[in-house]
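Per-entry structural report
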Amino acid sequence: MFSAIKSVNAPKGSGFWLEAIFMDEGKVSILFSRNDDRNDLTEISIDLAIHFQRTDESYKINTFHEMVVPIHGNLHPLFVQGERFFEVIDKKYTEWVVEDHYFPLKDYEKLYVFFFIESYVEVISPEPPVFTKINSKHEYYANLKERVCWTPDE
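Residues numbered from 1 in each chain as written. Predicted model: local features only at pLDDT ≥ 70, side-chain atom pairs only at ≥ 80, totals over all residues. Heavy atoms only, no water.

This paragraph deals with the overall build of the protein. Broken down by element type, the protein carries 4 helices and 9 strands. Taken from N to C terminus, the helices and strands of the protein fall in the order β-β-β-β-β-α-α-β-α-β-β-β-α. By residue count, 44% of the 154 residues in the protein fall in the buried class. Within the protein, counting contacts between residues at least 6 apart in sequence, those at least 24 apart form 64% of the total. Summed over its atoms, the accessible surface of the protein is roughly 8900 Å², and 50% of this surface lies on carbon and sulfur atoms. (Helix = DSSP H or I, 4+ residues; strand = E, 2+ residues; numbered from the N terminus. Buried < 20%, exposed > 50% of the residue type's maximum accessible area, 1.4 Å probe, protein only. Contact = heavy atoms within 4.5 Å. Areas by Shrake-Rupley, 256 points an atom, 1.4 Å probe, with all protein chains shown as cover.)

Here it is in structure tokens:
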């Protein structure tokens, strides 16, 4: 009955704010904060992303609505427990993403959906998401700067 999604090893809470997203050569970096403490920051890193999309809730949330409210308006038990970050295990959702974006999905590639206040992010990758606490936005942006700034060999 509730088999469309499964939890990933992630922070739990009543909601999270999407602070920033960055993608560089297939690595997606997502910074988010807790609804009740915008200074409590965590980064989601996903290597080898082949699909990445941030969507305002008002546009497509109904597509994923069945995953979180599957029967008679009752929230999915994982949502009740404060889960907001999932691997999608029901093939009809991954097939929808594939159809919407016109590329074949291999068996080892997984669809992840991260629900935030006012938006959600979907990522397809063969690699699982990694969650890391971040001390400040400055630290997050400094790490991004190290990844994208390079000096050519002389």
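One non-glycine residue with positive phi stands out, namely Leu48, at about 60 degrees. Its place among the elements puts Leu48 in the loop between strand E4 (37-46) and strand E5 (51-56). Positioned with a positive phi, Glu118 is a non-glycine residue whose angle comes to about 80 degrees.

Another point: the packing of aromatic side chains. Summed over all chains, the structure comprises 12 aromatic pairs. Arranged with centres 6.4 Å apart and planes meeting at 75 degrees, the rings of Phe32 and Phe131 form a pair that is edge-to-face. Of this pair, Phe32 sits in strand E3 (residues 27-34) while Phe131 sits in strand E9 (residues 130-134), placing them 99 residues apart in sequence. For Phe32, a relative accessible area of 1% puts it in the buried group. Considering the side-chain rings of Phe115 and Tyr120, the 6.0 Å spacing of their centres and the 40 degrees angle between planes classify their relative orientation as tilted. Take Phe115: its relative accessible area is 7%, and that puts it in the buried class. (Phe/Tyr/Trp six-rings, centres within 6.5 Å; stacked < 30°, edge-to-face > 60°.)

Now for the pattern of salt bridges. Tallying each qualifying case throughout the model produces 6 salt bridges. A single network of salt bridges, built from pairs that share partners, joins Glu19, Arg38 and Lys137. (Salt bridge = Lys/Arg side-chain N within 4 Å of Asp/Glu carboxyl O.)

A word on the side chain of Thr42. Structurally, Thr42 is set in strand E4. Dropping the residues within four chain positions of it, Thr42 is found in contact with Pro11, Ile30, Leu31, Phe32, Phe131, Thr132, Lys133 and Ile134.

It is worth spelling out the sheet that holds E4 at this point. Sheet architecture is open: 4 strands sit in the order E2-E3-E4-E9, paired in antiparallel fashion. Of all the strands in the sheet, the pair left with one neighbour each is strand E2 (16-24) and E9. For this sheet the average axis-to-axis angle between neighbouring strands, irrespective of direction, equals 25 degrees. Direction of pairing for E2 relative to E3: antiparallel, over a ladder of 8 bridges. Within E3, the position partnered with Ile21 by the bridge is Ile30. Sheet strands touched by helix H4 (residues 137-148): E2, E3, E4 and E9. Its angle to E2, the strand with the most contacts, is close to 10 degrees. (Pairing = 2+ DSSP bridges. Axes fitted to C-alpha atoms, helices over the stretch in contact; angles between N-to-C directions.)

Membership of the largest hydrophobic core comes to 17 residues, with the highest contact counts inside it found for Ile30, Ile44, Phe85, Phe114, Phe116 and Phe131. Not counting chain neighbours up to four residues away, the residues in contact with Ile44 comprise Val28, Ser29, Ile30, Phe32, Phe85, Phe114, Phe116, Pro129, Val130 and Phe131. (Core = buried A, V, L, I, M, F, W, Y, C linked by side-chain atoms within 4.5 Å.)

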